[in-house]
Every structure is written in structure tokens, then in C-alpha cells.
Amino acid sequence: MFNKEIYTQRREELRKRMSNGVIVLFGNNESPCNYPANGYYPFRQDSSFLYYFGLRRDGLVGVIDIDNATEMLIGDDIDIEDIVWYGSVDSVSDMAAQTGITATAPMKELKAICDKAHNTGRKVHFLPPYRYDTKIQIMDLLGIHPSQQKEAASVELIKAVISMRQCKTDIEIAEIEKACAIGYRMHTHAMQMTRPGLTEKYVGGQVNGMAHSLGEHESFATIFTQHGEIMHGNPSYNILESGRLALCDAGAENKENYCSDNTRTFPVNGKFTQKQLEIYSIVEACHDYALEVAKPGVLWYDVHMNVCRLMTEKLKELGLMKGDTQAAVQAGAHAMFLPHGLGHMMGLDVHDMEGLGQNYVGFDEEIQPSTQFGTNALRCGKRLQEGFVMTDEPGIYFIPDLIDDWRSQGLHKDFINYELVETYKDFGGIRLEDDILITKDGCRFLGDNIIPYHPKDVEAFMAENL
């Protein structure tokens, strides 16, 4: 938790960006597994609640009265039976003081606060809920059915929160750098451990252990797989095989819940084949090109599309694509190989603020999401600003089912050499991902140490750690 002045200033700034009414920010509750006392899933506080209040206990709600410039922390004190099992915790009033608030109330009072606002014609602002218990709570408080709550959420509040959270301050950047340091340890540990005969599950578990031992936990479910063509290939019990590529997409949350997110792809036996190196080098070039062109004032959409054109040109050199590059990309033929976006915002969420609505977070009045396959998975397209933290994650994938589907329909046959693509069906996929900060005149890597990704560096690192 930062010092209380930071949270006081953030809440004051939020009030200034709103017109009138009452803001209700819901913290998260515990998420038990199978039965109430099994706290298998680690508690994770809601990120917007964290941003404005900094408190990590479950069962809390923050209320900000815009018109009267007052604040209140709502929550119930822990009873003695819970203290016996989990230990003593701060009272709600103590926690309120820690975040610069003097007024508190038990949870039963929240209904009266919402009713009073409603009865006096004042709007109750809330963010789109993503947990079912919060949806039930909102229905009880405001009478809005869960199926209607996404549309009923306050667009004014959504835009105000995004406008504050999207540009990271120096203190936030320092925390993200700490998460990146843990991410470096996770990925280099995976590279050190990977060898034929182990299971994906074993290496993936070791990666998770590093995140838990050095920070809070992983920032998302770790991907470690020989089937890199599967976007979310969670570790299986499959045995790692010599000659295959392993893709590791993993990140950490540090103790302040700021995130990292990196991907590396490397040979299980420590040595790239020529075929693997040819595809890898294209992804490497696209990764580095994005670093050259990303800067304030540039549309992230344009960075993405320029990467797609570069990738298409280089795939043409290998004979996998053909025809006019601009026409191929405009038609969406490149999405056979890159069916996702170049990157996303990152901060307190690994996909920062995505729960607030991608149309608001990654897009704006100037640019809206594409509906074209592949490009529709681009999570951010708007103009970059100094302080944005983005992921740079191009990839090339050979997805057998997608190849068969497109070929059977004759899709993009003027741009894709299906005969040659057929010979890559057992290839898998390659992705390289790093976290970058948009600076005053460009961008830079986040983290003091860069996880090896140039082919010679990868092979040398793995050889040194056999």
C-alpha cells in the first residue's frame, strides 16, 4: 500500500472529473473452491478499488459523494470466530484511516445510502461488475438485474477511471519494474529447466512457484506448451520432446499487485532447427520493429498494421504468402498466421482495465475496434500517450484446424500458399512478448534485465544452464 496521501489525491481527482451523484466502488469478496471454508483461490482485490483505496481485505465498498465531497468506507469488522482461524486484522475504521478516510459504516448501511441518493434524484455510479456476488449485491442495492448491469454501469465513471489509470505515474512504473524483475526470474528459470523428458506441467509449476515465492502470484494462468499454436495452451502432462519448441507466456504480480507479462519461445533441446529459426527470425524482426515506431501520438492500430505488413513481406520471402502485401493485409490474409493483436495495456491488471469495456479502454471517438478476423482481437488501437504501458507481442502460428477451414473455403487463396503451409502443420507457434513504457519521445523496455530472445542469446543461455 502506498502512503495515504496518494489515495486521497486520486479520489479527489476522480471527484473533479465527475459531474454529480454518488460513486460506489465495490471491492471483491473471497472466492472459495467447492465449499465455503476452502480458500483455494487466492484473494485478489478489485483493481479500481485498489487504485483509489489501496486496501486488500475482502468485503469492502468505497463510497464517494461527488456533490458533498465526502467519503466513506463500508464494511463489517471480522468477528472472533474468524480471528481464531485467520488471526487478528485491522478494524474497518483503522483501514479507513490508512487510506485517508474518517467515516465508516457497516455493510447494512449501504442500502440506505443508495436509497437516499435515488430518492433525491442523484445518480449512483458504479463500474461494470464481473463477479456474480457483486452482481447480486448491485441487484439488491439498486434493483438492476445482472443481465442489465453492464449497460447500466456509469459511462462517465468508466471514462474518468480510464483517464486516470491509463498513464502510469513514476511510483506505478517502479512497481511494474519490480513485477518485471520477478517475470525475468520466471522465464529464465523455465529456460534453465526445460529439457526433453520433463512434462509441461512440471516446468509450468516451477514457473508459478517462482511467482508465488517472489511476489503475490502469477498475473494470469501460466501458458507453457509445445503446442504454441494454441493461444492459451495451459501446461499439460505431455512430455517435452527434442526438436519441438516450448512457448512460455507468464507474468507476475508484485506485492502491490502491479503486473508483468512476457512470452518466450525456445527449443526444448536448446538448439533451433533451420526451419524454426526462419520463422523465429520473422517474429523477432516484428518485435523489434514495434519498439522502433511506438511513441506518443502514434495510433497503436498503425503499429499493429505495420507489423502485419512486415510479417507478410517476410512470409512471402519464405514462400508461405504471395501477392500484393497491402492487399493481403487489407483482406486479412495475414491473420492465418497472426490471429491476435500486437499487444494490450498493462498495469494493475495484466490486461489493464479490460473489465471496464474494451471500446472505452483501448479505443475512443477517433478509432473503434475492427470486426475483421484477427484484427478484431486487437485490444488497443488508440493514440499512444507518455506513460502508457503496453505489451509488444507479435507471433506466427500454424493452426491445423484454421488452415483446413480456410483452405476448404478457398479463403485468401491469392495470398496464401496452402501447399507449403500444409508442411508446417506440425510446427506449432512462436510468440515473443515484452513490456514497454511509452516515453516522451519513444519507448523503452520495462525491467532492468531483458529475458534472452535473440536466437544466439537463447541458445547460449540454455547451453550454459544445462
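Relevant structure appears above.
The rules we used
- Residues numbered from 1 in each chain as written.
- Predicted model: local features only at pLDDT ≥ 70, side-chain atom pairs only at ≥ 80, totals over all residues.
- Heavy atoms only, no water.
- Buried < 20%, exposed > 50% of the residue type's maximum accessible area, 1.4 Å probe, protein only.
- Helix = DSSP H or I, 4+ residues; strand = E, 2+ residues; numbered from the N terminus.
- Arc of directions from axis to C-beta.
- Contact = heavy atoms within 4.5 Å.
- Phe/Tyr/Trp six-rings, centres within 6.5 Å; stacked < 30°, edge-to-face > 60°.
- Patch = residues over 30% accessible without salt bridge, like charges linked within 9 Å, V, L, I, M, F, W, Y side chains within 5 Å.
- Areas by Shrake-Rupley, 256 points an atom, 1.4 Å probe, with all protein chains shown as cover.
- Salt bridge = Lys/Arg side-chain N within 4 Å of Asp/Glu carboxyl O.
- Lys, Arg positive; Asp, Glu negative; His and termini not counted.
- Charge placed at Lys NZ, Arg CZ, Asp CG, Glu CD.
- 1 Å grid on protein atoms, 1.4 Å probe; cavity = no way out; pocket = protein on both sides within 12 Å on 5 of 7 lines; lining within 4 Å.
- Points joined across faces, edges and corners; volume = space filled by probe spheres on them.
- Nonpolar A, V, L, I, M, F, W, Y, C, P; charged D, E, K, R; others polar.
- Pairing = 2+ DSSP bridges.
- Axes fitted to C-alpha atoms, helices over the stretch in contact; angles between N-to-C directions.
- Parallel < 35°, antiparallel > 145°, perpendicular 65-115°, else oblique.
- Left-handed = near helix turned anticlockwise from the far one by under 90°.

A.B. asks: Would you mind showing me how to read helix α5 (residues 110-119) here?
C.D. replies: Buried within α5 we find Leu110, Cys114 and Ala117. Along α5, the residues classed as buried sweep out an arc of 60° about the axis, all on the same side. Across α5 from its buried face, at more than 90 degrees, point the exposed residues Lys116 and Asn119. Those residues of α5 that are buried are in contact with β1 (22-26), β2 (60-65), β3 (70-75), β5 (124-125) and α6 (132-142).

A.B. asks: Quick question: what am I supposed to make of the side chain of Gln149 here?
C.D. replies: By secondary structure assignment, the location of Gln149 is in helix α7 (residues 149-152). Discounting chain neighbours no more than four positions away, the residues touching Gln149 are Phe126, Pro129, Lys135, Ile138, Met139 and Ile144.

A.B. asks: Explain the packing of aromatic side chains to me, please; I cannot follow it from the model alone.
C.D. replies: Here a ring pair, both rings aromatic, is described through the centre-centre distance and the interplanar angle of the planes. Scanning the model with the defined rule gives eleven aromatic pairs in all. Residues Phe2 and Tyr7 carry aromatic rings whose centres are separated by 6.2 Å and whose planes lie at 20° to one another, so their mutual orientation is stacked. Classification of Phe2 by relative accessible area gives buried; the value is 10%. According to the relative accessible area criterion, Tyr7 is buried, its value standing at 2%. With a centroid separation of 6.5 Å and 45° between ring planes, the pair formed by Phe224 and Phe266 is classed as tilted.

A.B. asks: Help me out: how do you make sense of the environment of Met164 in this one?
C.D. replies: Inspection of the secondary structure assignment puts Met164 in helix α8 (residues 155-165). Taking relative accessible area as the criterion, Met164 reaches 9% and is therefore assigned buried. Considering only alpha carbons, one finds Met164 and Asp82, 82 residues apart in sequence, at a separation of 37 Å. When neighbours within four sequence positions are excluded, Met164 is seen to be in contact with Arg10, Glu13, Leu14, Arg17, Tyr51 and Tyr52.

A.B. asks: What should I look at first to understand a negative patch on the surface in this one?
C.D. replies: Taken together, Asp76, Asp77, Asp90 and Asp94 make up a surface patch of like negative charges. Position of Asp77 among the secondary structure elements: in the loop between β3 and α3 (80-86). Residue classification places Asp77 among the exposed positions, given a relative accessible area of 53%.

A.B. asks: How do you make sense of the layout of surface pockets when you look at a structure like this?
C.D. replies: If you roll a probe as big as a water molecule over the atoms, it shows you where there is empty space left. Reported here for the largest pocket is a volume of approximately 1100 Å³. Asn28, Arg44, Tyr130, Arg131 and Glu253 are the residues nearest the centre of the largest pocket, which is lined by 37 residues in total. Every element with two or more residues in the lining of the largest pocket is listed here: β1, α2 (47-53), α10 (200-214) and β6 (217-218). The element that contributes the greatest number of residues to the lining of the largest pocket is β1, accounting for three residues. The residue inventory of the lining of the largest pocket, partitioned by class, reads 17 nonpolar, twelve polar and eight charged. By volume, the second largest pocket is sized at about 570 Å³. Only α3 and α4 (92-98) provide two or more residues apiece to the lining of the second largest pocket.

A.B. asks: Would you explain the pairing of β3 in this entry?
C.D. replies: Here is the key point about a regular strand: its side chains alternate between the two faces of the sheet. Sheet analysis places β2 next to β3, joined by six bridges and oriented antiparallel. Pairing of Ile64 across the sheet is with Glu71, part of β3. Hairpin connection, β2 to β3: the antiparallel pair is bridged by four residues, and Ala69 has positive phi, about 55°.

A.B. asks: Please explain the packing of helix α1 (residues 4-16) against α8 as it appears in this structure.
C.D. replies: Working note: a packed helix pair is described by the angle between its axes plus the distance between those axes. At their nearest, the axes of α1 and α8 sit 10 Å apart, and the two run at 135° to each other. For the element pair α1 / α8, the angle class is oblique. Pair α1 / α8 crosses with right-handed handedness. Together, Arg10, Glu13 and Leu14 of α1 and Leu157, Ala160, Val161 and Met164 of α8 make up the contact between the two elements. Class assignment of the residues belonging to the contact of α1 with α8 gives a composition of five nonpolar, no polar and two charged.

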